[in-house]
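Examining the three-dimensional arrangement
As a plain string of letters, each chain reads:
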Amino acid sequence: MAEKQRRKPGETREKLMSAALTLVGKGRHFASLGIREVTRQAGVVPTSFYRHFRNMDDLGLQLVDELGLVLRRMMREARANVSQADKLIEESVAIFISHAQANRSFFLFMAQGLAGESRAVQEGIRSEMRFFASELANDLRRLRMVDHLTDQDLDMTCDLVVRSVAFSLTDLLGVSADDDYQIEQIRKRTTRFLQLIFVGAAHWQSAG
């Protein structure tokens, strides 16, 4: 009883979410996790799960919200450190890789969720990606990089950027976190992907 009294509000909830991420980081697929497995990893009794989540989908949606915070921190860092348009791509890719390495379990969860069995989690992650694309569009307008594009074509360009980065994420998660050579190759390749997209966008003629 004394242990329960010492436990802070929300602590068990955080333990359960952290436990699910830990298991994902160890190679488990989120869609295959069961409540007993997560509670065992968290060191709490199974009945306590239902005080915080309805089911594993509900826990997954809470993780999507936390992922959104990680992505927003990444965007803030990029805005704070990238002031020149010609450095935008290279420095933004470096920041993305740094955050993916520092939050590997979150990004593994994201990659799994995009192709996972849970429609709710999948849509939640796609919603975060759409938000990321819309913020990118705002930044590109602010930097006056693509003034000739219509809003629709700018949205398409940003969607293509986000999809390319998400695809590169699967490459990044497929190599060891300490394989500096492969990580550098992925950084260079992702930068080239995005440079090619923006070269195409620079010459794109929006339909009248």
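A brief report on the enclosed structure follows.

What counts as what
- Counting starts from 1 at the beginning of each chain's written sequence and moves along it residue by residue.
- Owing to the predicted nature of the model, reporting of local features is limited to residues with pLDDT of at least 70; listing and counting of side-chain atom pairs is limited to 80 or more, with chain, interface and lining totals taken over all residues.
- Values shown for side chains rest on all heavy atoms present in the structure; no hydrogens or waters enter the calculation.
- Secondary structure elements are taken from DSSP: a helix is a run of H or I of four residues or more, a strand is a run of E of two residues or more, and numbering for both begins at the N terminus.
- Here's how the labels work: a residue is buried when its accessible area is under 20% of the maximum for its type, exposed when over 50%, partly exposed in between, all with a 1.4 Å probe on protein chains only.
- When checking whether two residues touch, look at their non-hydrogen atoms; a contact exists if any pair is within 4.5 Å.
- What sets the accessible areas is the Shrake-Rupley method with a 1.4 Å probe; for residues, cover comes only from the shown protein chains.
- Charge counting treats Lys and Arg as positive and Asp and Glu as negative, with His and both chain ends excluded.
- In this description, the location of a charge corresponds to atom NZ of lysine, CZ of arginine, CG of aspartate or CD of glutamate.
- Salt bridges are defined as contacts in which a side-chain nitrogen from Lys or Arg sits within 4 Å of a carboxyl oxygen from Asp or Glu.
- Pairing of aromatic rings covers Phe, Tyr and Trp, the last through its six-membered ring, and needs centres within 6.5 Å; plane angles under 30 degrees mean stacked, over 60 mean edge-to-face, and all others mean tilted.
- As a reminder, the over-ring test applies to NZ of lysine and CZ of arginine, requiring each to be within 6 Å of the ring centre and within 35 degrees of the ring normal.
- To estimate how far a helix should extend, the number of its residues minus one is multiplied by 1.5 Å.
- Buried residues of nine kinds, namely Ala, Val, Leu, Ile, Met, Phe, Trp, Tyr and Cys, make up a nonpolar core once their side-chain atoms join them within 4.5 Å.
- For helices, the fitted axis covers only the stretch in contact; all axes are lines through C-alpha atoms, and the angles between them, taken along N-to-C directions, range from 0 to 180 degrees.
- Each angle receives one of four descriptions, namely roughly parallel if under 35 degrees, roughly antiparallel if over 145, roughly perpendicular if within 65 to 115, and oblique otherwise.
- Two helices crossing with the near one rotated counterclockwise from the far one by less than a right angle form a left-handed crossing, whereas a clockwise rotation gives a right-handed crossing.
- Residue polarity is assigned by list, with Asp, Glu, Lys and Arg as charged and Ala, Val, Leu, Ile, Met, Phe, Trp, Tyr, Cys and Pro as nonpolar; anything else, Gly included, falls into the polar class.

1. Thoughts on the overall build of the protein
Across its full length, the protein carries nine helices and zero strands. Mapped from its N terminus to its C terminus, the protein presents α and β elements in the order α-α-α-α-α-α-α-α-α. Counting only C-alpha atoms and orienting by the principal axes, one finds that the protein spans roughly 65 × 40 × 30 Å. A burial count over the protein gives 43% of its 208 residues as buried. Considering only contacts within the protein whose residues lie at least 6 apart along the sequence, 62% involve residues at least 24 apart. Carbon and sulfur atoms form 51% of the exposed surface of the protein, whose accessible area is close to 12,000 Å². One finds the centroid of the 29 positive side-chain charges in the protein at a distance of 6 Å from the centroid of its 27 negative side-chain charges.

2. Considerations on the pattern of salt bridges
Under the defined criterion, the tally for this structure stands at 14 salt bridges. For Glu128, the salt bridge is made with Arg72, and the minimal N-O distance between the two is 2.8 Å. Pair noted here: Glu128 is in helix α7 (residues 119–142) and Arg72 is in helix α4 (residues 56–81), with a separation of 56 residues, a long-range link. With a relative accessible area of 12%, Glu128 lands in the buried category.

3. Concerning the environment of Met17
Within the secondary structure, Met17 sits in helix α2 (residues 11–25). Using a relative accessible area of 3% as the deciding quantity, one classes Met17 as buried. In contact with Met17, other than residues within four places in its own chain, are Phe53, Leu59, Gln62, Leu63 and Glu66.

4. Observations regarding the packing of aromatic side chains
Enumeration according to the criterion identifies four aromatic pairs in this entry. A ring pair is formed by Phe30 and Phe109, whose centres lie 5.2 Å apart and whose planes are at 80°; its orientation type is edge-to-face. Highlighted residues: Phe30 in the loop between α2 and α3 (35–42) and Phe109 in helix α6 (residues 104–114), separated in sequence by 79 residues. For the pair Phe30 and Phe109, a shared accessibility class is recorded, and that class is buried. For the pair Phe49 and Phe53, a centre-to-centre distance of 5.5 Å together with 50° between the ring planes defines the contact as tilted. When sorted by exposure, Phe49 lands in the same class as Phe53, which is buried. Taken together, the ring pairs in this structure connect Phe49, Tyr50 and Phe53 into an aromatic cluster. Across the ring face of Phe131, the terminal group of Arg72 is positioned such that the distance to the ring centre comes to 4.1 Å.

5. A few points about α7
Spanning 24 residues, α7 covers 35 Å between terminal C-alpha atoms, matching the ideal 34 Å at 1.5 Å per step. Along α7, the residues classified as buried are Val121, Gln122, Gly124, Ile125, Glu128, Met129, Ala133, Glu135, Leu136, Ala137, Asp139 and Leu140. The inward-facing, buried residues of α7 abut α4, α5 (88–102), α6, α8 (151–173) and α9 (180–202).

6. Some points on the nonpolar core
Formed by 62 residues in total, the largest nonpolar core has its most connected members in Phe30, Val38, Leu59, Leu63, Phe107 and Ile125. Excluding residues within four positions of it along the chain, Phe107 makes contact with Val70, Leu71, Phe96, His99, Ala100, Leu169 and Leu173.

7. A short note on the packing of α6 against α8
α8 packs onto α6 with a crossing angle of 125° between their chain directions and a minimal axis gap of 10 Å. In terms of axis orientation, α6 runs oblique to α8. The two elements α6 and α8 cross, and the hand of that crossing is left-handed. Across the interface between the two elements, Arg104, Phe107, Leu108, Met110 and Ala111 from α6 touch Leu169, Leu172 and Leu173 from α8. Tallied by class, the residues present in the contact of α6 with α8 amount to seven nonpolar, no polar and one charged.

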